[in-house]
Structures are given as C-alpha cells and as structure tokens.
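What follows is each chain in one-letter form.
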Amino acid sequence: MKVFLADLVHSYSPAQGTGSYSGGNEAGFVVPLGIASIGVYAKKIFGKEVDISLFKFPNDFLEACDNSTDTPPDVIGFSNYVWNTHLNFSIGSMLRARFPHALIVAGGPSVQADENGIKTYLLQNKFIDVCIIHEGERPFAEILKEFKTSGKSFIRESRSIDGVGFLTSGDHLNYSPNGNSGDMDELPSPYTSGYLDEFMSKGFIPMLETNRGCPFGCTYCAWGIAALQKVRKYSIDRIYDDMEYISEKMPLASTWFIADANFGILKRDVEIAQRISHIKSRNPSLKTIVMYESKNTPARNYEVAQLLRNQDSAKSHRMDNALIALQTLDEAAQIATNRKNIKLLDVAESVATYHAEGYGVRTDILSGLPGETHEGHLNTLRDVFNFDFDQIGIYNVILLPGTEMASSQSRKNHDLYTKYFTRDGYFGEYQGVRSIEAEEVVCGNSAISPDDLMNLRLLHWAIWFGWNHKFLKPLLKYANSVHKKNPVDVLYSMINGKPMRTFFDGLKADYSVEFFDSAENLQAHYLQDCEWNAFLGATKKPAHLLYNAKLIQNRSLYEAMLNALRDIIVEGMDFTDCDDIFRILMSMRIDPEEVYQGKTNKTAQVTLPSHLADYFDIEKDEFRDAGSAAILHKPHGELTDIRNELHRYNFDKEPLTAICSTVGNIAHAFTYNLVEDKLGAETEVSAIY
C-alpha cells in the first residue's frame with residue numbers, strides 16, 4: 001500500500017509583491033512528529049507491505065501527487081489543526097477528484113469529539129472517508145488492516161473500528177470510541193527509526209514528547225477533554241535515546257520544542273531537564289528550549305528553568321522568559337471553564353523568585369471567557385501588573401474545534417457570540433489552490449457585551465504596544481511605583497480620553513471590519529483577486545500592526561500619546577522624573593525614514609539619572625555613577641539589516657506595511673538600546689532631543 005501522510009503548514013512568505021515558498025525551514029516549523037509516529041507504527045505492523053511518505057509543505061505534497069499518476073496513493077492522511085483546516089479542505093477536495101479510489105483519512109484535534117460534532121465535520125468535509133478521534137497510531141493501523149483486506153467495503157458494511165468515525169449510506173454515523181489505552185513504548189520512536197531525518201536535515205525544529213495527557217480540564221483547551229486527561233509516560237530510556245539521536249543529527253540546532261502539556265508535572269522531568277542541560281553544554285548552538293510549564297509545581301518549574309533557560313548573559317537570561325500561564329484570575333471564569341484545580345496563590349512569590357535570579361517572566365491572559373465580566377477582566381489585568389510580569393500576552397478566546405467550550409451545549413449555556421477572524425500569516429496559493437485560515441473568536445457572552453469586549457480589545461492593544469514592545473513601559477512602571485496608579489487604569493483612561501479619541505476610534509473601526517459572521521464569508525472576501533493580491537504582496541496587514549506602525553512612523557503622534565499618559569499620571573502637577581522619562585523615551589525612538597535614507601548613526605547620548613534605571617528594565621548596578629550618561633545604541637549591522645528590510649518591503653511606496661514587516665522580522669527595530677556610556681567624551685552623538 002502506498003500511503004501519503006500530510007501535516008501541512010502554510011509555507012508562503014510574502015515580500016516585495018512576489019512570494020516565496022519554504023524549501024528548507026526558514027519559517028521555523030517543527031518536525032511532523034504526529035504523522036511520523038503514526039507512520040512508524042504502521043511500518044511496525046505491516047513492514048514492507050506499506051510504503052509511507054510524510055509531507056509538511058503543500059507544494060512538496062502536491063508535487064508528489066503529480067508524480068503519482070501511474071501509481072496513485074492508496075491512502076492519504078491529513079492531520080487537522082486550526083492552522084491548516086482550510087488548507088486541508090482546499091487540497092483534499094482537489095485530491096478527492098484526482099484520486100477517487102484512494103481512502104482519505106483525517107485526524108488531529110480539530111474535530112468536535114461528540115457524535116453530532118463528528119457527523120457535522122464529515123458532512124462539511126465530503127472529501128474525507130473516515131476520521132480518527134484523539135490518538136491516531138493504533139486506529140490508523142486498524143484502518144490499514146481493513147483497507148488492505150477489503151478496500152472501502154468496511155465503510156459500506158459499517159464495520160466499526162475503535163476511535164474511528166465514518167458515514168454510511170443515508171449519512172448515518174458509525175463511531176466507536178477509543179479509550180487510548182496501551183503501553184506508550186509499544187509505539188516505536190520516529191527519531192531513532194529515521195522517519196524524521198529528512199526534516200531534521202532541512203532544519204526543522206525537533207519536537208520531543210515525554211508523556212501524553214493533561215490532568216486539568218480547561219474547557220477552552222484541546223488537552224482538557226476527558227479522554228486525554230490521564231498522563232501516560234514514555235520510558236526514560238526511550239526519551240534519552242531520542243535526545244541523543246537529535247543531538248547527533250542536529251548539533252547546530254538552536255531550538256528544541258517540548259510538546260508535553262505540563263512539563264515539570266512529574267518528578268522525573270527535572271532529570272530530563274538535566275540531560276538536556278548536559279546536551280546544551282555539549283552543543284553550544286542550542287540556546288532555547290520551548291515548553292509549556294506545569295500549572296501546580298512552581299518549585300519544580302524553577303528547577304527546570306535553572307537548567308534550561310538561557311544562561312549565556314544577563315541580558316539573554318532576562319529575555320528568555322519563564323511562563324506562568326494564568327489565563328484568568330477571575331473566580332467566576334475559573335469555575336465556568338473548569339480551571340479551579342489550578343493553584344494561583346503563589347504567583348507573586350514565583351515571579352519574585354524568577355526575578356531574583358535575573359529571569360524574565362511572562363504570562364498569558366484570555367479575554368472573553370465565560371463568566372468573566374468587564375470589571376472582572378480589568379481586575380485580572382490589574383493583578384497581573386502588580387505581579388510585575390515582564391511580558392503580558394492577552395488573547396481573545398478562540399473556540400477551538402474539539403474542545404468542550406466549542407460544543408453546542410457550552411455555546412448555549414454561556415450564550416457565546418462569535419465572529420471569524422483571519423489567522424495572521426496563515427495563507428498561501430499552491431498550484432493555483434488559494435487558501436486562508438479563519439479562527440472563531442468569542443466576541444461576547446452572557447457575562448460581557450460585545451461593546452465592552454471590543455473596548456477591552458483596545459486596551460489589550462495598548463498593553464501590547466506600550467508594555468510588551470516597551471514604547472510606554474517606563475512611564476507605566478513609574479505611574480505604578482510612584483503614583484500608585486495601576487497601568488491598566490492609566491491605559492484605560494488614555495484609550496477612553498479625549499486627546500487620543502481619534503486614534504482609538506480609528507483602531508476600533510478598523511478592528512470591526514476584520515470580523516466576519518462565518519469562515520465562508522471571510523474566505524469569500526479575502527480570496528477575491530484584489531484582496532488576495534494584497535495578501536500575497538504583503539500590503540495587507542491587520543489593524544493592530546498598522547496602528548503600531550503609525551506610532552512608529554509619526555513622531556508627533558507618539559509624542560501626543562506620551563503627553564496624554566503624562567497628564568493622566570501627574571494630573572497637572574510638575575514632576576521632573578516623569579519629564580525625564582518622557583524625554584528619554586522620545587530620544588530612544590528611531591525614525592524609519594532616517595534609517596531608510598541611511599542617515600541614522602549607531603549611537604546617541606542621553607542623561608539617565610540612575611534612580612530611573614529600573615523603569616527602563618536596567619539594573620542600577622550596570623551604571624557606575626549616579627546621574628551617569630547613557631548611550632542609545634544600535635549596532636551598525638542591525639541598522640543595516642533594518643534598512644535592508646525597509647527596502648525589501650518597499651518603504652517608499654507602502655511605509656506602514658513595510659514597518660509592520662520589518663518589526664515582524666526584527667522585534668525592536670525602531671528603538672535604541674539603552675546602555676551605560678563607557679566612552680565618555682569620545683561617544684559619537686547623532687541627536688539629543
């Protein structure tokens with residue numbers, strides 16, 4: 001049997017109006033671990049009777065299909081996620097017509113796992129013959145066994161397979177649940193079996209799985225469904241063998257990804273971290289370990305962080321942020337989303353412990369959760385700022401197919417009001433097949449109105465721009481520390497105040513037109529030639545990025561925002577420190593036009609009183625003397641890179657979209673780094689504001 005397994009990702013990269021497609025792994029995708037595990041298990045069962053090919057990029061997949069005219073695939077499998085749902089539908093529908101006799105199988109988390117959800121999914125995706133619910137290795141092998149014996153007759157004859165759903169005549173659903181039982185080590189390793197060598201050779205990020213399952217039942221998360229709550233472990237020897245294999249095959253890899261739902265939940269996870277730390281010392285290129293920390297084991301998480309977070313320098317130490325994913329601190333929302341078994345009492349202590357050792361700490365917050373009122377969400381954000389997180393990621397709740405929250409009962413219970421929004425960057429055209437992904441976003445519920453949630457969205461933008469990108473952070477930290485005004489309240493006053501009314505009314509209006517009543521309406525709109533060409537040419541950017549770019553481009557607009565904040569903070573009184581912070585922030589701004597013209601020098605000089613250093617995320621002991629001069633520095637090579645990006649994205653014709661794309665590739669492109677002036681009078685000064 002000839003089997004094609006596809007874990008597809010959008011690989012289109014727009015630039016200068018002409019797109020490119022990843023041939024290696026420029027976009028930083030992870031290896032297709034899921035389909036590799038399914039494939040290697042099938043190979044274990046059937047040996048030479050199956051010929052299995054794995055695919056990640058759409059063009060590679062379609063090219064292989066084009067070359068299979070004489071020997072077409074017998075079975076085609078799609079791994080289905082929120083980031084490739086429409087891509088699978090578009091390509092799968094085409095292949096259904098091209099290979100009418102092939103058995104097409106779909107799996108992955110993006111299927112509602114109740115019987116109504118499975119039936120709806122199959123009716124909406126007619127190209128699929130059968131779908132697998134939850135883990136796929138054993139059910140897929142059983143499908144191959146049936147297909148090898150009697151072709152598709154098992155569907156016509158309605159012969160059940162555990163974990164598999166399909167429609168029989170009259171569109172009746174045949175589905176037999178699967179307990180996902182079985183020894184994890186019965187599943188061969190895709191790494192040591194060589195199934196991922198091709199992808200590692202192309203630079204794909206290696207992904208490790210040390211266990212499966214999550215004991216927490218968060219209703220918005222695919223890990224939270226009851227069928228996947230039991231934690232099941234791979235043996236420690238298998239895990240170590242995988243790590244050594246990856247280390248030998250990819251000694252220059254800079255990043256590894258741990259796919260566990262709660263790394264640190266098991267005592268042995270510290271031992272695993274120790275082994276990875278040893279590999280990091282042996283392979284100095286390995287800098288970053290991406291992982292999801294455990295919810296209820298702060299002490300163990302800290303042990304893991306000491307072993308795995310970046311230790312190269314104080315700066316990288318701070319920037320390699322540990323994650324404490326709070327999601328919400330509102331009790332009503334915690335109850336409504338089944339998150340009450342997650343302990344949140346020691347957050348302040350955990351953040352302080354990380355900070356004491358020089359680590360940065362980030363958190364994730366969700367907006368639009370059932371049960372959380374407008375004021376409840378503001379209180380969550382106030383607490384988050386009081387905890388002093390370095391990065392605050394705030395996300396509108398997405399109704400992920402396959403989760404409890406996306407079920408019809410949950411929608412009804414919480415009166416969920418949703419719209420559809422493009423998933424930023426997830427689009428492409430492959431052999432004439434256009435595809436763009438949509439995500440279903442909660443825009444209101446029984447606890448909060450759509451208008452209030454939209455107003456919060458403006459606040460989230462201000463936190464993202466002002467705190468995470470640091471354009472307003474020193475003023476906000478000063479307000480909280482000196483004037484006891486929480487950054488949430490300061491920013492909320494700004495977005496609803498008169499001085500910036502026009503700016504935020506514009507942002508609100510532009511946000512509103514990005515939401516659609518259905519995924520089909522969204523796709524029909526953006527797949528039109530005019531809109532589609534704007535996507536392909538990188539001239540179509542979401543509102544939050546464009547308004548970020550407006551403030552970066554327009555010095556007067558940025559100054560007006562700082563003035564609005566200053567007035568809210570000091571309330572008409574004269575405070576020299578606030579004025580000094582204002583002055584330094586204006587000095588730190590790098591003008592995109594000057595960079596584009598090659599007129600920006602790599603350094604500027606500014607006076608930074610040492611007692612203000614903390615507000616700029618600088619340790620006081622980095623400065624030798626109180627009131628010492630500071631350097632606003634940007635390495636010459638980085639300025640060259642920024643200028644090249646602006647030229648690449650046609651800054652002269654599309655300045656805002658060029659700024660968006662440049663910031664997407666170089667995070668702090670238009671802000672000087674603030675460092676101590678160790679050069680004194682010999683410092684090259686470009687400008688002092």
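It should be emphasised that the depicted structure is a prediction, and the values quoted were computed from it without experimental measurement. (Residues numbered from 1 in each chain as written. Predicted model: local features only at pLDDT ≥ 70, side-chain atom pairs only at ≥ 80, totals over all residues. Heavy atoms only, no water.)

Here we look at the overall build of the protein
To keep things clear, this is the line we draw: Put simply, DSSP marks the helices as runs of H or I at least four residues long and the strands as runs of E at least two long, and each gets a number from the N terminus on. The globule rule used for comparison is 2.2 Å times the number of residues to the exponent 0.38, while the radius of gyration itself is calculated over C-alpha atoms. Throughout, exposure labels follow a simple rule: accessible area from a 1.4 Å probe, protein chains only, divided by the maximum for the residue type, with under 20% read as buried, over 50% as exposed, and the rest as partly exposed. Two residues form a contact once any of their heavy atoms are found within 4.5 Å. All accessible-area figures derive from a Shrake-Rupley calculation using a 1.4 Å probe, and residue coverage is judged against the displayed protein chains alone. Positive charges come from Lys and Arg, negative ones from Asp and Glu, while His and the chain ends are left out of the count. The atoms used to mark charge sites are NZ of Lys, CZ of Arg, CG of Asp and CD of Glu.
Regarding its fold elements, the protein presents 27 helices and 22 strands. Radius of gyration (C-alpha) of the protein: 26 Å, near the 26 Å computed for a compact globule of 689 residues. The dimensions of the protein, computed from C-alpha atoms along their principal axes, are 85 × 50 × 50 Å. Of all 689 residues assigned to the protein, the portion counted as buried reaches 56%. Sequence separation of 24 or more characterises 76% of the internal contacts of the protein that already satisfy a separation of 6 or more. Summing over all exposed atoms, the protein offers an accessible surface of approximately 28,600 Å²; the carbon and sulfur share of this is 49%. Taking the average place of the 68 positive charges on the side chains of the protein and the average place of its 90 negative ones, the gap between the two points comes to 2 Å.

Remarks on unusual backbone geometry
Even without being glycine, histidine 134 reaches a positive phi, approximately 70°. Structurally, histidine 134 is set in the loop between β7 (130-132) and α5 (137-150). By relative accessible area, histidine 134 is classed as partly exposed at 22%. Residues other than glycine seldom take positive phi values, yet asparagine 650 does so here, at roughly 60°. With respect to the element layout, asparagine 650 can be found in the loop between α26 (636-648) and α27 (655-665). Relative accessible area serves as the criterion here: at 26%, asparagine 650 is assigned to the partly exposed category.

Points about the sheet that holds strand β15 (residues 322-323)
Filter applied, for reference: Two strands form a pair only when DSSP identifies at least two bridges running between them. The convention used is that axes are lines fitted to C-alpha atoms, helices contributing only their stretch in contact, and that angles between N-to-C directions extend from 0 to 180 degrees.
Taken in spatial order, the three strands line up as β15-β16-β17 in an open sheet, and their pairing is parallel. Each end of this open sheet is capped by a strand with a single partner; those strands are β15 and β17 (391-396). Judged from the two bridges that link them, β15 and strand β16 (residues 361-367) form a sheet pairing that is parallel. Along β16, the bridge assignment pairs leucine 323 with arginine 362. Most of the contacts of helix α16 (residues 450-468) go to β17, to which it runs at about 155°, and overall it touches β16 and β17.

Notes on the pattern of salt bridges
This is how it is decided: For salt bridges, the criterion is a side-chain nitrogen of Lys or Arg within 4 Å of an Asp or Glu carboxyl oxygen.
All chains considered together, the criterion is met by 34 salt bridges. One salt bridge connects lysine 634 with glutamate 638, and the closest N-O pair in it is separated by 3.4 Å. Taking relative accessible area as the criterion, lysine 634 reaches 1% and is therefore assigned buried. Among the charged side chains, a salt-bridge network with shared partners connects Glu135, Glu137, Glu209, Arg212 and Arg232.

Notes on the nonpolar core
Rules: Nine residue types can take part in a nonpolar core, namely buried Ala, Val, Leu, Ile, Met, Phe, Trp, Tyr and Cys, and a core is a set of them joined through side-chain atoms within 4.5 Å.
Membership of the largest hydrophobic core comes to 97 residues, with the highest contact counts inside it found for Phe389, Trp461, Met494, Phe504, Met561, Phe616 and Leu674. A total of 10 residues in this core trace back to one element, the largest contributor, which is α16. Core analysis: the next-biggest nonpolar cluster, separate from the first, contains 66 residues, Val75, Ile161, Ile279 and Leu308 among them.

Describing the confidence of the model for the protein
Operational definition: Per-residue confidence from the prediction method is given by pLDDT, with values spanning 0 to 100.
Across the protein, the average pLDDT comes to 89, with 91% of residues at or above 70. Averaged pLDDT values over the elements of the protein bottom out at 49 in helix α11 (residues 314-319) and peak at 98 in strand β1 (residues 2-6). Note that residues 679-689 has pLDDT below 50 and, in this model, 23 contacts with residues that lie over four places away or in other chains.

Concerning the pairing of strand β8 (residues 164-168)
Counting buried residues in β8 gives five out of five residues, a clear majority hidden from the surface. A two-sided burial pattern is seen for β8, the buried positions comprising Val164, Phe166 and Thr168 on one face and Gly165 and Leu167 on the other. Pairing geometry for β7 and β8, over three bridges, is antiparallel. When the sheet's bridge partners are listed, cysteine 131 is paired in β8 with glycine 165.

Focus: the packing of helix α17 (residues 473-482) against helix α23 (residues 555-570)
Describing two packed helices takes the angle between their axes plus the distance from one axis to the other. Our working rule: Just so you know how the angles are binned, under 35 degrees is roughly parallel, over 145 roughly antiparallel, 65 to 115 roughly perpendicular, and the rest oblique. As a working rule, the residues Ala, Val, Leu, Ile, Met, Phe, Trp, Tyr, Cys and Pro are called nonpolar, Asp, Glu, Lys and Arg charged, and the rest polar, with Gly in that last group.
Across the interface, α17 lies against α23 with an axial gap of 11 Å and an inter-helix angle of 5°. The angle between the axes of α17 and α23 places the two elements in the roughly parallel class. On α23, the residues that touch Leu475, Leu476, Tyr478 and Ala479 of α17 are Leu562, Leu565 and Ile569. Here the residues of the contact of α17 with α23 are counted per class, giving seven nonpolar, no polar and no charged.

Section: the side chain of arginine 268
Selection rule: We call two N or O atoms a polar contact when they sit within 3.5 Å, provided that within protein one can donate a hydrogen and the other can accept it, with sequence-adjacent residues counted only if both atoms are side-chain atoms.
You can see arginine 268 is positioned in helix α9 (residues 268-282). Here the side chain of arginine 268 touches threonine 210 through a polar contact of 2.9 Å, landing on its backbone oxygen.

Here's the deal with helix α14 (residues 374-386)
This is how the line gets drawn: Multiply 1.5 Å by the residue count of a helix minus one, and that product is the helix's expected span.
Here α14 contains 13 residues, and its C-alpha end-to-end distance of 19 Å stays within 8% of the 18 Å for a straight helix at 1.5 Å per residue. What α14 keeps buried is the set His374, Gly376, His377, Leu378, Thr380, Leu381, Arg382, Val384 and Phe385. Turning to α14, the residues buried within the fold contact β16, β17, α16, α17 and α18 (487-496). Backbone geometry just after α14 places aspartate 388 at a positive phi near 70°.

Observations concerning empty space enclosed by the protein
Definition in use: Cavities and pockets were defined on a 1 Å grid built over protein atoms only: a cavity is a set of grid points that admits a 1.4 Å probe from which the probe cannot escape, a pocket is an open set flanked by protein on both sides within 12 Å along at least five of seven lines, and lining residues are those with an atom within 4 Å of any such point. Grid points are joined across faces, edges and corners, and a volume is the space filled by probe spheres set on the points.
A complete count under the given rule lists four cavities of 30 Å³ or more for this structure. The leading source of residues in the lining of the largest cavity is strand β18 (residues 417-430), at six residues. Classifying every residue of the lining of the largest cavity gives six nonpolar, two polar and five charged. Of the voids in this model, the second largest cavity is the one considered here, and its volume is about 90 Å³. As for the second largest cavity, its lining consists of Leu33, Ser37, Pro190, Tyr191, Leu208, Glu209, Tyr234, Arg238, Ile239 and Asp242. Elements supplying a minimum of two residues to the lining of the second largest cavity: α1 (33-46) and α8 (236-249). Tallied by class, the residues present in the lining of the second largest cavity amount to six nonpolar, one polar and three charged.

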